[in-house]
Amino acid sequence: MTVTRPARLTGAALCAALALTAAVWILKDLAALGSPVDLAWHWAGDHHLLVRGRSATSLTDAVLLVVSVAAAAAAIRSRHAASALAATGTVTLALRLPGLWEPDSGALVTALVELALAAALIVTAAAGRRPATASYEPLPTRPRTGPAVAAGVLLAAGALVVALWELYWATELPVEITVDRFTGGRSIMKAALAPPPGWLSLILVALYGTAAVSAFVRARHSRAFGLLAGAFLAVGGIAEVARTTRYELIGHLGDLPTAGRLSVLTAFFGLLAGIAVLVLLAGRGAPAGAPSPYPPAGMPPPAPPYPPPPGW
């Protein structure tokens, strides 16, 4: 399947609008902090840096900004960008949905705008697809078996780790706080645009699991969903490792409680596994099969050469 040129241009424009929306809010937070380094540390989990007001963005916004730009570039360059557009729209839709019950009016309007853009992106990716009828149009390649299986194992492990941490917090925290982790209640301190932490974990488990299954079966869309999942896994790991290093937890690993040691190990797993998934799925895919020398059903046979050879 390929994507028509009008659909590709429409998808690129929608992705650019999503990226622009995220960029405006990031610039707003940058103006409040005054330093890109301080904003990066704030995204990594140090929430003592904002000098006034409530922060608007989180690490999720930074990842969605990069993903939207990458999807826009893919739509402009490739006829096979349907999976990239669909993956970007689906993840954006899922992560922005909790913004509908956000009390901040600016965050609510932003959620409505981005939900509309994400839904339009999914519709564009679906409506703009068409079969590749011309023999010279290459089909999207499948990932090679070895890298695909390895990436699937890492993504499945990532989904399991996120799910186990949510189960741990559900047993350690009171019920009302556990509920707030999914609904964004008052007991949860978060950025205005950030999804509640439990909701984010739920979406990541679904994303990692879907990408893992797609990689195991070597689906043609596995590259787009796998790279998206790998980006979230790697960036989350980078943030956790940075915070771990900032608070010098690695040097005191033996003094930490069991949960603290597991948290440090999880951070390094996310970083290394995410980078590995990106490398494994970004490589060249398996070569497509040779085109058939026979015409498609219903097509007339090729005309004989002229002059015809002896015995034609």
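Below is a short write-up of the structure. Quantities reported herein were computed from a predicted structural model and do not represent experimental measurements.

Looking at the nonpolar core
No. 1: Core analysis: the largest hydrophobic core is formed by 25 residues, its most contacted members being Val91, Leu155, Leu207, Tyr208, Leu228 and Phe232.
No. 2: Only helix H3 (59-77), helix H4 (82-96), helix H6 (145-172), helix H8 (197-216), helix H9 (222-246) and helix H10 (258-282) provide two or more residues apiece to this core.
No. 3: Looking at this core element by element, the count peaks at seven residues for H8.
No. 4: Setting aside residues up to four positions removed in sequence, tyrosine 208 forms contacts with Leu155, Gly158, Ala159, Val162, Ala229, Phe232 and Leu233.
No. 5: Ranked by size, the runner-up nonpolar core spans 12 residues in total, among them Leu14, Ala71, Ala81 and Leu117.

With respect to the environment of valine 69
No. 1: Note that valine 69 resides in helix H3.
No. 2: For valine 69, a relative accessible area of 48% corresponds to the partly exposed category.
No. 3: The spatial distance from the C-alpha of valine 69 to the C-alpha of alanine 16 is 6.5 Å, given a sequence separation of 53 residues.

Overview of the pattern of salt bridges
No. 1: Tallying each qualifying case throughout the model produces five salt bridges.
No. 2: Of the charged contacts in the structure, one is a salt bridge between lysine 190 and glutamate 102, with a shortest N-O distance of 3.3 Å. Separated by 88 residues along the polypeptide, lysine 190 in the loop between helix H7 (175-183) and H8 and glutamate 102 in the loop between H4 and helix H5 (105-127) bring together distant segments of the chain.
No. 3: With relative accessibility at 8%, the residue glutamate 102 sits in the buried group.
No. 4: The shortest N-O distance in the salt bridge between arginine 181 and glutamate 166 comes to 2.5 Å. Note that arginine 181 is positioned in helix H7 and glutamate 166 in helix H6, a separation of 15 residues in sequence.
No. 5: On the basis of relative accessible area, arginine 181 is assigned to the buried category, the value being 13%.
No. 6: What makes glutamate 166 buried here is its relative accessible area of 13%.
No. 7: Connected through salt bridges with shared partners, the residues Asp61, Arg96 and Glu114 form a single ionic network.

Basis of the calculations
Residues numbered from 1 in each chain as written. Predicted model: local features only at pLDDT ≥ 70, side-chain atom pairs only at ≥ 80, totals over all residues. Heavy atoms only, no water. Core = buried A, V, L, I, M, F, W, Y, C linked by side-chain atoms within 4.5 Å. Buried < 20%, exposed > 50% of the residue type's maximum accessible area, 1.4 Å probe, protein only. Helix = DSSP H or I, 4+ residues; strand = E, 2+ residues; numbered from the N terminus. Contact = heavy atoms within 4.5 Å. Salt bridge = Lys/Arg side-chain N within 4 Å of Asp/Glu carboxyl O.

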